Amino acid sequence: MNIILFDTTRAHENLLPLTFTRPLADIRIGIFTIREKWEKQIPGIYSYWTEPYLSVKFPAVFENENLFIAGNCLPSPALSDMITDLSSGEALTYKQELIAYKGHKEGFLRQQFESVKELDVPPLSIEMLYDIFIKNGEAMIDDFKYITSHGNSSVPSPTNRIIGDPYFPDGTPKIFIEPGATVECAVLNVMNGPIYIGKEVEIMEGSCIRAPFAACNHSVVNMGTRIYGATTLGPYCKAGGELNNVVMFGYSNKAHDGFLGNAVIGEWCNLGAGATASNLKNDYSEIKLWNYTTRRFLRTGLQFCGLIMGDHSKAGINTMFNTATVIGVGVNIHGAGFPRNFVASFSEGGTSGFNDVQLPRFFSIAEKVMARRNMTLTEIDKTILESIYNQAEQYK
């Protein structure tokens, strides 16, 4: 089956700056990315329908018959069954929003469907930036169920202290440890959900972890780290200090002391030692968060919201972030005091002001950072980042 995960314009724009560098379906929530979740539910050949400048790296592949699925929707067995049962020319919607369509390219582009099925209940989806950390626990439990039904866990080392019943009522374990992972002298609290430890992960001694929690392949939790659920460390992430309900997409570091809560961190980010981000206003009032679509701060209905950081952004030692700060792509924050709570992409500075980050210098640094993980900044990557750089001017 040829499956195309499509970006909706509204969700793509509302999820900036994270979607500057990826299609919606490449967002990590729970343990897997959204694309990985669908691949496990509906086998097929997958591609993306996304922004033109991203299509250079994420091209759409069309056949005579295609299955289009909204890239911000997370699968469930029931939703997957409804989608695979669609007839040719038939669409699935919720409140007139397209969830899936089976048919040819022209029918999708023109939104001309032969028949429409309407969902009675909304699918689990991400519409706003804060949905990623709010819904992370629910998504993680679904992913954990898939993993435990398709793999075998190593037995936790006796040096660890486990708090709570290590098994669900159906007898499946609440702790799943992949081969090659090292977990020693840690406190693992599973009273509120499962803990997933991926391949080659290292949880160092003295770490205290409360479920739900996921550490994806090759991630590291440093000594004495305190982590509250629902937190996800993507592949090759490093964590230290204190984290509470944080999603790190991958290849990013917050390896030292400092607090991060109700936050989303993209790829190739680094928070220096002592960097701390507030997730609660001093007056306990409702939080407003920067929105790229409206170019203003919108009410969220939330009391807790921390740092949102786009790919390739960094913060120097002892950086302090205000509640609900949104940092774009390729930003370098440093200096004393609190920077403003929205910083456009490719900006460098702090409370004293910001300057543009020049692309040649940025590329040089990014290449060095990625080389440490045996990854390469390709010419296609540079083309995408240059497009984001050109877009950034309108937000400065």
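Quick summary incoming for the structure in this document. (Residues numbered from 1 in each chain as written. Predicted model: local features only at pLDDT ≥ 70, side-chain atom pairs only at ≥ 80, totals over all residues. Heavy atoms only, no water.)

### Comments concerning the overall build of the protein
Secondary structure summary: the protein contains 8 helices and 33 strands in total. With respect to the three principal axes, the spread of C-alpha positions in the protein is 60 × 55 × 45 Å. Across the 396 residues of the protein, 53% fall into the buried class. Counted over contacts in the protein with a minimum sequence separation of 6, partners at least 24 positions apart contribute 48%. Counting 34 positive and 41 negative side-chain charges, the protein places the averaged centre of each group 6 Å from the other. (Helix = DSSP H or I, 4+ residues; strand = E, 2+ residues; numbered from the N terminus. Buried < 20%, exposed > 50% of the residue type's maximum accessible area, 1.4 Å probe, protein only. Contact = heavy atoms within 4.5 Å. Lys, Arg positive; Asp, Glu negative; His and termini not counted. Charge placed at Lys NZ, Arg CZ, Asp CG, Glu CD.)

### Some words on the sheet that holds strand β5 (residues 97–103)
Taken together, the 6 strands give an open sheet; going across it, the order is β2-β1-β3-β5-β4-β6, and neighbouring strands pair in mixed fashion. The two strands at the open ends of the sheet, each matched to only one other strand, are β2 (45–49) and β6 (115–118). Averaged over neighbouring strand pairs, the angle between their axes works out to 25° when direction is ignored. Direction of pairing for strand β4 (residues 90–94) relative to β6: parallel, over a ladder of 4 bridges. Considered in β6, the bridge of A91 is made with V116. (Pairing = 2+ DSSP bridges. Axes fitted to C-alpha atoms, helices over the stretch in contact; angles between N-to-C directions.)

### A short note on empty space enclosed by the protein
Inspection of every chain in the model, using the stated rule, returns 2 cavities of 30 Å³ or more. Reported here for the largest cavity is a volume of approximately 70 Å³. Along the walls of the largest cavity sit N14, M128, L129, Y130, L289, W290, N291, L298, R299 and T300, which together make up its complete lining. Contributions of two or more residues to the lining of the largest cavity are made by β24 (288–291) and β25 (296–299). It is β24 that contributes the most residues to the lining of the largest cavity, 3 residues altogether. Partitioned by chemical class, the residues of the lining of the largest cavity number 6 nonpolar, 3 polar and 1 charged. Empty space within the second largest cavity amounts to approximately 30 Å³. If you trace the second largest cavity, you find it lined by K254, F259, L260, L271, A275, T276, A277, L307 and F321. Sorting the residues of the lining of the second largest cavity by element identifies β21 (259–267) and β23 (276–277) as the ones contributing at least two each. (1 Å grid on protein atoms, 1.4 Å probe; cavity = no way out; pocket = protein on both sides within 12 Å on 5 of 7 lines; lining within 4 Å. Points joined across faces, edges and corners; volume = space filled by probe spheres on them. Nonpolar A, V, L, I, M, F, W, Y, C, P; charged D, E, K, R; others polar.)

### Side note on unusual backbone geometry
Glycine aside, residues mostly have negative phi, and peptide bonds are mostly found in the trans state. Cis geometry marks the peptide bond from A211 to P212; its omega dihedral reads -5°. By the element assignment, P212 lies in the loop between β13 (208–210) and β14 (213–215). Here G229 and A230 are connected by a cis peptide whose omega angle stands at -5°. Tracing the backbone shows A230 in the loop between β16 (226–228) and β17 (231–233). A positive phi angle, close to 55°, is found at Q111, a residue other than glycine. Phi at E200 takes a positive value of approximately 60°, unusual for a residue other than glycine. When you line up the elements, E200 lands in the loop between β11 (195–197) and β12 (202–203). Residue class for E200 comes out partly exposed when judged on its relative accessible area of 44%.

### A word on the pattern of salt bridges
Two side chains that carry opposite charge are able to pair once their charged atoms sit near each other. Scanning all chains against the criterion turns up 13 salt bridges. Where E367 meets K382, a salt bridge forms, and the shortest distance between an N and an O atom there is 3.0 Å. Remark: K382 occurs in helix α8 (residues 379–392) and E367 occurs in helix α7 (residues 359–371); sequence separation between them is 15 residues. K382 sits in the buried class, given a relative accessible area of 16%. (Salt bridge = Lys/Arg side-chain N within 4 Å of Asp/Glu carboxyl O.)

### Describing the nonpolar core
Counting 74 residues, the largest nonpolar core has W38, I83 and I132 as its most contacted members. Setting aside its immediate chain neighbours within four residues, I83 contacts W38, I42, L67, I69, L92 and A100. Counting 38 residues, the second-largest nonpolar core is a separate cluster that includes A186, V221, I265 and M309. (Core = buried A, V, L, I, M, F, W, Y, C linked by side-chain atoms within 4.5 Å.)

### Topic: the packing of aromatic side chains
Summed over the entire model, instances satisfying the criterion amount to 22 aromatic pairs. A ring pair is formed by F346 and Y389, whose centres lie 5.4 Å apart and whose planes are at 70°; its orientation type is edge-to-face. Here the residue F346 occupies a position in the loop between β31 (342–343) and β32 (347–350), and Y389 occupies one in helix α8, the gap between them amounting to 43 residues. Of the residues examined, F346 reaches a relative accessible area of 0% and is grouped as buried. Over the ring of F32 we find K40; its NZ or CZ atom is 4.5 Å from the centre of that ring. Here the guanidinium or amino end of K174 rests over the ring plane of F168, the centre of that ring lying 5.5 Å away. (Phe/Tyr/Trp six-rings, centres within 6.5 Å; stacked < 30°, edge-to-face > 60°. Lys NZ or Arg CZ within 6 Å of the ring centre and 35° of its normal.)

These figures come from the coordinates and say nothing about function on their own.
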